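# Chains, contacts and geometry: an overview
Take a look at the letters that make up each chain.
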Amino acid sequence: MTENSPPPERPRAAAVKAQPERTAPSSVLCPPSSESPSFEFLISGLVQGVGFRPAVWRLATDLRLAGWVRNTAQGVEIHLEGDAARQADFLARLTEAMPSLARIEQIRRTPAAREGCMDFRIRESTATAGLTTAIGPDLALCPDCLAELFDPQSRRYRYPLLACTRCGPRYSVTRHLPYQRAATSLAPYPLCADCAAEYANPADRRFHAEAAACPVCGPAHYLLGAKGQPLAEDPAAGAWRRVQAGGIVAIKGLGGFHLVCDAQNPAAIERLRQRKNRDAKPFALMATNLSSLATWVDVNATAARLLTHEARPIVLLPAKAGLSGVAPDLERLGVMLPATAMQWLLLHTAAGCPQGMDWTTTAQATLLVMTSANPGGEPLARDNAEALTRLADIADAFWLHERDIVTRCDDSLLLPTQNAAPIFIRRARGYTPVAIPLVDDGPPVLALGAYLKNALCLTRGREAFLSQHIGSLQNAASLIFLEETVEHLMRTLAVKPVVIAHDLHPDYPSTQLAQTLAARLSVPATGIAHHHAHIAAVCAERHLHEPVLGLALDGVGLGTDGALWGGELLRVEQADCRRLGHLLPLPGGDKAALEPWRMGVALLHQAGAAARVEDWLERRFPALALNAAAQMLVALLEKKLNCPPTTSMGRVFDAAAALLGVCAVNQYEAQAATQLESLALRHAATHGDSEALPLARTCVLNAGVLDLSPLLLSLLTEADTARGAACFHASLARALVHWVAAVAEKTGIRALVAAGGCLQNALLVQQLMKACAAAHLTLYLPHAAPPGDGGLALGQAWAARAKILAGMTN
């Protein structure tokens, strides 16, 4: 709250300290004999904050074993006394009995001295050195809490900050481990008597639920006007009334704020675009349930599974019906289901506040824009006062709550693919900080990613912790967010790295921060080539330690020769990376990435067809009057001034989109490539899969250099842009695999790793899979991390660890 808008006063119940130990009912006790064995178990993995200790208590009680369980810095410690056969049964049933959210990485059993336990208890947590446990991600409201939210007889009726061991905030409210209430932003809210009783009852799903709260003892929530003034109305009703009238409401969530408006109101969407300065980039949508979404998108079984997962990501799905202004010129819509109680309350109000729960599973007409509140490309608004300041010119009202967000965490974004794992476009809420398992133990490494779509990675033992999406480091606020995330992850995991990895580009803020941190921590900093890191990220998660061929396809990254790379064929074996081939370089610097028409001019000039530039521009972009600028560009190309060559595959997509007349100027990153894919998908929907051009009309392969000029020039006179886009995708995939197959024959390596931002194109992925199968190449794609720069830090960390083990660090 700001000083001019204090939270409403309300009475509080006397705080009650929850009793940390709980004794099982005496009727099930079976005191061990003096001959009974005693063992201690240390369970590591994702075992805190997920209801693991209550599950252990129930299993031990059911088996009539004595002892105790507690959280420690190393995980969960269990002491068992009792019959040896029942202890063996306990170990055999533990995995089956653990909560669905838990993940056991290791179980260590050691003999222990008997303590003469007469029952089984849950003991108070301990904090010791050598932290090896992890905290879970933030999770969507579970069915039981949802039922409570709309049960008039529940004491949590319409209270939007309820949670239990199966749902609610974890990562975004935790300051350090072990995970306990005192280590979270709930610490200022002592439990009332009723909540304390639930917290102390092992049979209750809120047993040791550190984020549990109720209207009596939990954080408040309230609605404020555009100027931060308190509004004396029900927050959900007031928020919906403004949305219904075409307004924009800022709503605080788990890891930050959303901006919300009516997705079926074009004027509201245009107003949001103007206020947020977001000309064309698509907005995410929220509906009540799968039945509600079925009106707008195709929801198959895979999509339904992703949408209803407790992470509640945004999922990109084929659009069935048009929505003016939501996703201009795109064939997919990003959709999601409610994750928080505040979102559920808003949708409940929109439905007319029906009784019971049937409305939660039947189709509802409401469709909301639910977009991240990050104006100007800055990080998400997190604090109440921050939101009231930064969103003052955007939001007409603010629905706030008083539970502090310790660390920002945006919505995750996933793209389903045919016959492959979904592609992470953005890995954040619901998945961070779940560890990515590594095959080998190794020293701790901190990797700071790149410039665009930044995320960092910290390794510990056999685990890699990829941070939430941080975003492009184009402003001071994003760099501060990166520094905050470094400190938070190091503190939460209690890890000090022995080396800090970074990109080779010396001007990236992440590189400069890596060098600053290395000096501060007295450890070396080591550079990892951009495209090596892309391939290494997939090797890390897919446990590939043998030599592989790497196809790195992205927008741009600094190569080991100081040039701009982006279409590379590599040989990668852990710390070793060798360039075996690349795309034929085209002129194209930073400005060309913003204005794809420049790539069209560059391609025509390099192909000796500069005379065709004027005719092409007049046919494809008659309204833009680009001829004068194009002639100036041709003059620069003739003199080779300010036209740095690049092997970027991203610029190839830009050239293709420009030559077809799809996009002249990018209003957001990769707009041209995204629209090109959408056209190809539209063609496939009506005509089926497109046939690739013959290789002779697609490419020229010479000494490892792949020239795609024939394919691009064929688009110049294509009358049907959708057909041209489809043919481009099919022919490109065939040419790339032809290129790889030639190198595979020479090297004997038939394992191919493909990564880079261009692999966020699901159609290209599908075509590559098909072509690789025909060429008998084994294709490995990223599953646990984004293929683009959002997963780069994982590869940096993996390659840097390999350099340490090989004695190659700086």
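Owing to the predicted nature of the structure, the values given are computational and were not obtained by experimental measurement.

## Looking at the packing of aromatic side chains
One pass over the full model with this rule turns up seven aromatic pairs. Measuring from ring centre to ring centre gives 5.8 Å for Trp344 and Trp359, while their planes differ by 80°; the resulting arrangement is edge-to-face. Separated by 15 residues along the polypeptide, Trp344 in helix α9 (residues 341–350) and Trp359 in the loop between α9 and β12 (368–372) bring together distant segments of the chain. The pair Trp344 / Trp359 is uniform in exposure class, with both members buried.

## Looking at the packing of helix α18 (residues 649–659) against helix α19 (residues 671–687)
Where α18 contacts α19, the two axes come as close as 8 Å, and the packing angle between them is 60°. Here α18 lies oblique to α19, going by the angle between them. In the packing of α18 onto α19, the handedness of the crossing is left-handed. Side by side, α18 and α19 meet where Phe653, Asp654, Ala656 and Ala657 of the first sit next to Ala672, Ala673 and Leu676 of the second.

## So, the state of the cysteines
All told, the structure shown has zero disulfides when counted by the stated rule. Unpaired in terms of disulfides, Cys164 finds its nearest cysteine sulfur in Cys142, a separation of 3.7 Å. The class for Cys164 is buried, based on a relative accessible area of 3%. No disulfide involves Cys167; its sulfur sits 3.6 Å from that of Cys142, the nearest cysteine. When its relative accessible area of 0% is taken as the criterion, Cys167 is described as buried.

## Thoughts on the sheet that holds strand β5 (residues 120–122)
Pairing in this open sheet of five strands is mixed, and the strands run β4-β1-β3-β2-β5 from one edge to the other. Looking at strand neighbours, the two that pair on one side only are β4 (103–111) and β5, the edges of this open sheet. Between one strand axis and the next, the sheet turns through 15° on average, direction left out of account. As paired elements, strand β1 (residues 38–46) and β4 share eight bridges and run antiparallel to each other. Note that in β4 the partner of Phe39 across the bridge is Pro111. Docked against the sheet, helix α1 (residues 52–62) engages β1, β2 (66–72), β3 (75–81), β4 and β5, running at close to 175° with respect to β5. Across the sheet, helix α2 (residues 84–97) lies against β1, β3 and β4, angled at about 5° from β1, the strand it touches most.

## Some remarks on unusual backbone geometry
Between Thr432 and the following residue, Pro433, the backbone shows a cis peptide bond with an omega angle of 10°. Even without a glycine there, the phi angle at Cys353 is positive, about 55°. Mapped onto the fold, Cys353 is located in the loop between α9 and β12. Judged by relative accessible area, which is 34%, Cys353 ranks as partly exposed.

## A few points about the pattern of salt bridges
Where side chains of opposite charge bring their charged atoms close, a pairing between them can arise. Here the structure, examined in full by the defined rule, presents 38 salt bridges. Put simply, Arg578 and Asp576 hold a salt bridge, and the shortest N to O gap is 3.1 Å. The exposure class assigned to Arg578 is partly exposed, which follows from its relative accessible area of 47%. A residue is classified by how much of its surface remains accessible, and Asp576, at 27% relative accessible area, is partly exposed.

## What about the environment of Ser44?
Looking at the secondary structure, you find Ser44 in strand β1. Distance in space between the C-alpha atoms of Ser44 and Leu633 is 60 Å, their sequence separation being 589 residues. Ser44 has contacts with Gln74, Arg103, Ile104, Glu105 and Gln106, leaving out every residue within four places of it along the chain.

## Comments concerning helix α12 (residues 509–521)
The terminal C-alpha atoms of α12 lie 18 Å apart, and with 13 residues this matches the ideal 18 Å at 1.5 Å per residue to within 8%. Every buried residue belonging to α12 is among Pro509, Ser510, Thr511, Leu513, Ala514, Leu517, Ala518 and Leu521, and all of these are buried. Those residues of α12 that are buried lie in contact with β17 (445–447), α11 (476–493), β20 (499–503) and β21 (525–528). Phi turns positive, to about 60°, at Ser522, one or two residues after α12.

## Quick look at the packing of helix α16 (residues 613–620) against helix α17 (residues 627–639)
Running from N to C, α16 and α17 point in directions that differ by 145°, and their axes come no closer than 10 Å. Handedness of the α16/α17 crossing: right-handed. Touching Val613, Glu614, Leu617 and Glu618 of α16 are Asn627, Ala630 and Gln631, all from α17. Of the residues contributing to the contact of α16 with α17, the split by class is three nonpolar, two polar and two charged.

## As for the environment of Gln606
With respect to the helices and strands, Gln606 occurs in helix α15 (residues 597–606). Along the backbone, Gln606 and Ala236 are 370 residues apart, and their C-alpha atoms lie at a distance of 60 Å.

## Side note on the nonpolar core
Core analysis: the biggest nonpolar cluster contains 117 residues, and Trp616, Met649 and Phe728 have the highest contact counts within it. The element that contributes the greatest number of residues to this core is helix α21 (residues 721–747), accounting for 14 residues. Aside from chain neighbours lying at most four places away, what touches Trp616 is Trp597, Gly600, Val601, Leu604, Phe621, Ala658, Leu659 and Leu716. Within the second largest apolar cluster, 47 residues are counted, among which are Leu224, Ala268, Leu306 and Phe424.

## Some points on α17
Compared with the 18 Å implied by 1.5 Å per residue over 13 residues, the 19 Å span of α17 between its first and last C-alpha is a close match. Summarising the contacts, the buried residues of α17 are in contact with β25 (586–587), α15 and α16.

## Examining the confidence of the model for the protein chain
Confidence in the prediction for the protein chain averages 92 pLDDT; 94% of positions are at 70 or higher. Per-residue pLDDT stays below 50 along residues 1–29; that stretch engages in 70 contacts with residues further than four places along the chain or on separate chains.

## Overview of the sheet that holds strand β16 (residues 436–437)
Taken in spatial order, the six strands line up as β16-β19-β18-β17-β20-β21 in an open sheet, and their pairing is mixed. The outermost strands of the open sheet, each flanked by one partner alone, are β16 and β21. Bridge count between β17 and β20: three bridges; the pairing is parallel. The residue bridging Leu446 from the neighbouring strand is Ile500, located in β20. Docked against the sheet, α12 engages β17, β20 and β21, running at close to 165° with respect to β20.

About the criteria used
- Residues numbered from 1 in each chain as written.
- Predicted model: local features only at pLDDT ≥ 70, side-chain atom pairs only at ≥ 80, totals over all residues.
- Heavy atoms only, no water.
- Phe/Tyr/Trp six-rings, centres within 6.5 Å; stacked < 30°, edge-to-face > 60°.
- Helix = DSSP H or I, 4+ residues; strand = E, 2+ residues; numbered from the N terminus.
- Buried < 20%, exposed > 50% of the residue type's maximum accessible area, 1.4 Å probe, protein only.
- Axes fitted to C-alpha atoms, helices over the stretch in contact; angles between N-to-C directions.
- Parallel < 35°, antiparallel > 145°, perpendicular 65-115°, else oblique.
- Left-handed = near helix turned anticlockwise from the far one by under 90°.
- Contact = heavy atoms within 4.5 Å.
- Disulfide = S-S within 2.5 Å.
- Pairing = 2+ DSSP bridges.
- Salt bridge = Lys/Arg side-chain N within 4 Å of Asp/Glu carboxyl O.
- Expected span 1.5 Å × (residues − 1).
- Nonpolar A, V, L, I, M, F, W, Y, C, P; charged D, E, K, R; others polar.
- Core = buried A, V, L, I, M, F, W, Y, C linked by side-chain atoms within 4.5 Å.
- pLDDT = per-residue confidence, 0-100.

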